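So the chains spell out like this:
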Amino acid sequence: MNLSKEKYITSTCIISQQAIYKNDTLLYQNTGTASEFLVAAYRHFEVQYPKFFKMDNLCKAGFLAAEILLKDTSVTNYPLPEVGVVLANSNSSLDTDIKYFETTKDFASPALFVYTLPNIVIGEICIRHHLKGENAFFITETFDIPFIQQYVSNLFNNNILQACICGWVELLKDEYKTVLFLVENIAAEPALPFTNENIYKTYKVDNG
């Protein structure tokens, strides 16, 4: 039987408009292009993962947000097949698609071709954190909060997941916004019920 279960937002991270927030608190600000900002933030937070520099900008944004989101959390206490990732954006991998197309005029870049699917960002997050649960990447015109909330809730209600990273990872040229939520079935400070209203409040923290 599919029974509704309690679900909580236990951590949030926003990367947008040259700033990074965790749990609605501003952690970092800088200037520069999207690429410059993401590399500077990676170094600021002293992340140790050399493959980061090979990623496209969409993956860098999602990867860095997940690093900050999961820091000081207990997500590894769950069975790894029961920790999932559900993301969405509106432009798919278009930022890299354009760059890859430009290289085909001379010599098509295999390094860029690897990133011409939006769900590669999920793969990078899962590899880094050894996650093996349900994952999906959706393309929607805007951040469809009711859809994501319902989709993730169904995974919990059907005993598929006990924890999930979900949210919005958008980047095209120097316009970018990543909003990630860690959702768990156990309340832990600062926990909020996993509702449309609470998702929306976090999404609008940067007024973007």
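Residues numbered from 1 in each chain as written. Predicted model: local features only at pLDDT ≥ 70, side-chain atom pairs only at ≥ 80, totals over all residues. Heavy atoms only, no water.

Take the packing of aromatic side chains next. Summed over all chains, the structure comprises 13 aromatic pairs. Both rings, one in Y42 and one in F53, keep their centres 5.1 Å apart while their planes meet at 75 degrees; by these two values the pair is edge-to-face. Highlighted residues: Y42 in helix α1 (residues 34–44) and F53 in the loop between α1 and α2 (57–70), separated in sequence by 11 residues. By relative accessible area, which is 40% here, F53 ends up partly exposed. Ring geometry for F52 against F63: centres 5.9 Å apart, planes inclined by 50 degrees, an arrangement best described as tilted. Linking F52 in the loop between α1 and α2 with F63 in helix α2, this pair joins segments that are 11 residues apart in sequence. Residue F52 is classed as buried on the basis of its relative accessible area, which comes to 0%. Exposure remark for F63: the relative accessible area of 1% places this residue in the buried category. A network of ring pairs unites the aromatic residues Y42, Y49, F52, F53 and F63 as a single cluster. (Phe/Tyr/Trp six-rings, centres within 6.5 Å; stacked < 30°, edge-to-face > 60°. Helix = DSSP H or I, 4+ residues; strand = E, 2+ residues; numbered from the N terminus. Buried < 20%, exposed > 50% of the residue type's maximum accessible area, 1.4 Å probe, protein only.)

What follows deals with the nonpolar core. Among the nonpolar cores identified, the biggest contains 43 residues, and I15, I20, L87 and I165 are the most heavily contacted of them. At the level of secondary structure, the elements contributing two or more residues to this core comprise β1 (8–16), α1, α2, β4 (83–89), α5 (120–129), β6 (163–172) and β7 (175–184). Here this core takes 10 residues from α2, the largest share from any one element. What I20 contacts, discounting residues up to four positions off in sequence, is C13, I14, I15, T25, L26, L27, Y28, F37, A41, F45, L64 and I68. If you look at the next biggest cluster of nonpolar residues, it comprises 22 residues, including L155, L161, W168 and Y203. (Core = buried A, V, L, I, M, F, W, Y, C linked by side-chain atoms within 4.5 Å. Contact = heavy atoms within 4.5 Å.)

Moving on, we get to the packing of helix α6 (residues 145–157) against helix α7 (residues 196–203). Contact geometry for α6 and α7: axes closest at 10 Å, N-to-C directions at 125 degrees. Between α6 and α7, the angle falls in the class oblique. Our pair here, α6 against α7, has a crossing hand that is right-handed. Facing I145, P146 and Q149 of α6, the residues of α7 in contact are N196, I199 and Y200. (Axes fitted to C-alpha atoms, helices over the stretch in contact; angles between N-to-C directions. Parallel < 35°, antiparallel > 145°, perpendicular 65-115°, else oblique. Left-handed = near helix turned anticlockwise from the far one by under 90°.)

Summed over all chains, the structure comprises two salt bridges. One salt bridge in this structure joins K51 and E124, with 3.3 Å as the shortest N-O distance. Separated by 73 residues along the polypeptide, K51 in the loop between α1 and α2 and E124 in helix α5 bring together distant segments of the chain. E124 sits in the buried class, given a relative accessible area of 4%. Notably, a salt bridge pairs R128 with E67, separated by 2.8 Å at the nearest N-O pair. Of this pair, R128 sits in helix α5 while E67 sits in helix α2; the two residues are 61 residues apart in sequence, bridging distant segments of the chain. (Salt bridge = Lys/Arg side-chain N within 4 Å of Asp/Glu carboxyl O.)

How two helices pack is summed up by the angle between their axes together with the distance between the axes. Interhelical geometry of α2 versus α5 gives an angle of 40 degrees and a closest axis separation of 9 Å. For α2 against α5, the interelement crossing comes out right-handed. Counted together, L58, C59, G62, F63, A66, E67 and L70 of α2 and I120, V121, E124, I125, R128 and H129 of α5 form the full contact between these two elements.

Attention now goes to α2. Here α2 spans 20 Å end to end across 14 residues, near enough to the 20 Å set by a 1.5 Å rise per residue. Among the 14 residues that make up α2, 14 are buried, leaving the element largely enclosed by the rest of the structure. Backbone geometry just downstream of α2 places D72 in the positive-phi region, at approximately 65 degrees. (Expected span 1.5 Å × (residues − 1).)

Right, let's talk about unusual backbone geometry for a bit. One non-glycine residue, D72, lies in the positive phi region at around 65 degrees. Examined against the element boundaries, D72 turns out to sit in the loop between α2 and β4. Of the residues examined, D72 reaches a relative accessible area of 74% and is grouped as exposed. One non-glycine residue, K173, lies in the positive phi region at around 60 degrees. Counting through the fold element by element, K173 comes out in the loop between β6 and β7. With a relative accessible area of 59%, K173 lands in the exposed category.

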